[in-house]
Amino acid sequence: MATATSARVTLFEDIFEITALNPEGKKFERVNRLSATGTTFECDLLLDYNCQIYSLLEGEKMTLVLASTLNLDGSPDDHTSYNPSTRDREDPTLADNYEYVMHGRVFDVSYKKDGVVVIAISFGGLLCRLTGDQRHVSSILPDMRLYILIKKD
């Protein structure tokens, strides 16, 4: 779960159980699409990720965080560039606690009946669809730039 310092930058966090990989068939050589269900907030997740650099398996659990910044003090990122190899390594970031990180932009927020919200995010063409109760995803807004951070549990 989020630490006291990262709580200010976390927009959403849950543990997801992967229910299927490539549920509609594999479309791209380097990309898998996973389907998962949140264990705490019962949100549904559909997420594309680069399977050549990160491996996830059906049945595994992973912690997923959506964050507005990687800075632990909550200061905003410039959202224009990030290169982990050139960062000052004495300055820790939220990314240090995770295995897979992407930067993207919310391109659609759809409000459905009974307080259900569908949030669509693009991470440079890798897509994410998070569906859940509005109470749990209310911090995620249209056109917002954010980070997705993942680690296996």
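Because the structure is a prediction, the values reported are computed rather than measured.

Enquirer: How should the overall build of the chain be read in this particular structure?
Expert: The number of helices and strands found in the chain is one helix and eight strands. Starting at the N terminus, the α and β elements of the chain follow one another as β-β-β-β-β-β-β-α-β. Within the chain, the fraction of its 153 residues that count as buried is 42%. Intrachain contacts of the chain at a sequence separation of at least 6 include 59% that bridge at least 24 residues. Accessible surface, the chain: about 8,500 Å² in total, of which carbon and sulfur atoms supply 49%.

Enquirer: Can you walk me through the packing of aromatic side chains in this structure?
Expert: Two aromatic rings, taken as a pair, are described by how far apart their centres are and by the angle between their planes. All told, the structure shown has four aromatic pairs when counted by the stated rule. Look at F12 and F16: their rings are 6.3 Å apart centre to centre, the planes differ by 50°, and that puts the pair in the tilted class. Exposure class is identical for F12 and F16. Each is buried. With a centroid separation of 5.1 Å and an interplanar angle of 20°, the aromatic rings of Y54 and Y100 are classed as stacked. Of the two residues, Y54 sits in the loop between strand 3 (44–50) and strand 4 (61–67) while Y100 sits in strand 5 (residues 100–111), which places them 46 residues apart along the sequence. With respect to burial, Y54 and Y100 carry one shared label: buried. Across from the ring centre of Y98, 5.0 Å away, lies the NZ or CZ of K151, which sits over that ring. Its end group placed over the ring of Y54, K152 keeps NZ or CZ at 5.3 Å from the ring centre.

Enquirer: I tried to follow the pattern of salt bridges on my own but got confused; where do I start?
Expert: Close approach of charged atoms allows side chains with opposite charge to pair. This model, assessed by the stated rule, comprises three salt bridges. Across the pair D48 and R33 runs a salt bridge, and its minimum N-O distance is 2.6 Å. Linking D48 in strand 3 with R33 in strand 2 (residues 31–38), this pair joins segments that are 15 residues apart in sequence. Classification of R33 as partly exposed rests on a relative accessible area of 27%. One salt bridge connects R105 with D143, and the closest N-O pair in it is separated by 3.0 Å. Of this pair, R105 sits in strand 5 while D143 sits in the loop between helix 1 (134–137) and strand 8 (145–152), and the two are 38 residues apart along the sequence. Exposure remark for R105: the relative accessible area of 33% places this residue in the partly exposed category. Residue class for D143 comes out partly exposed when judged on its relative accessible area of 49%.

Enquirer: I keep staring at the confidence of the model for the chain and nothing clicks. Help me out?
Expert: Regions with low pLDDT carry predicted coordinates that are not meant to be interpreted in detail. Summing up the model confidence of the chain, the mean pLDDT is 90 and the portion of residues at 70 or higher is 87%. Scored below 50 in pLDDT, residues 1–7 shows seven contacts in the model against residues more than four places distant or in partner chains.

Enquirer: What is the right way to read the pairing of strand 6 (residues 116–123) from this model?
Expert: Successive residues of a regular strand alternate their side chains across the two faces of the sheet. Taking burial as the measure, the eight residues of strand 6 include six buried ones, the bulk of the element. Hairpin remark: strand 5 followed by strand 6, antiparallel, with four residues in the connecting loop; positive phi at D114, about 60°. Direction of pairing for strand 6 relative to strand 7 (residues 126–133): antiparallel, over a ladder of eight bridges. Across the sheet, residue I119 finds its bridge partner in strand 7, namely L130. Between strand 6 and strand 7, which follow one another and run antiparallel, lie two residues, and G124 among them has a positive phi close to 60°.

Rules and cut-offs
Residues numbered from 1 in each chain as written. Predicted model: local features only at pLDDT ≥ 70, side-chain atom pairs only at ≥ 80, totals over all residues. Heavy atoms only, no water. Helix = DSSP H or I, 4+ residues; strand = E, 2+ residues; numbered from the N terminus. Buried < 20%, exposed > 50% of the residue type's maximum accessible area, 1.4 Å probe, protein only. Contact = heavy atoms within 4.5 Å. Areas by Shrake-Rupley, 256 points an atom, 1.4 Å probe, with all protein chains shown as cover. Phe/Tyr/Trp six-rings, centres within 6.5 Å; stacked < 30°, edge-to-face > 60°. Lys NZ or Arg CZ within 6 Å of the ring centre and 35° of its normal. Salt bridge = Lys/Arg side-chain N within 4 Å of Asp/Glu carboxyl O. pLDDT = per-residue confidence, 0-100. Pairing = 2+ DSSP bridges.

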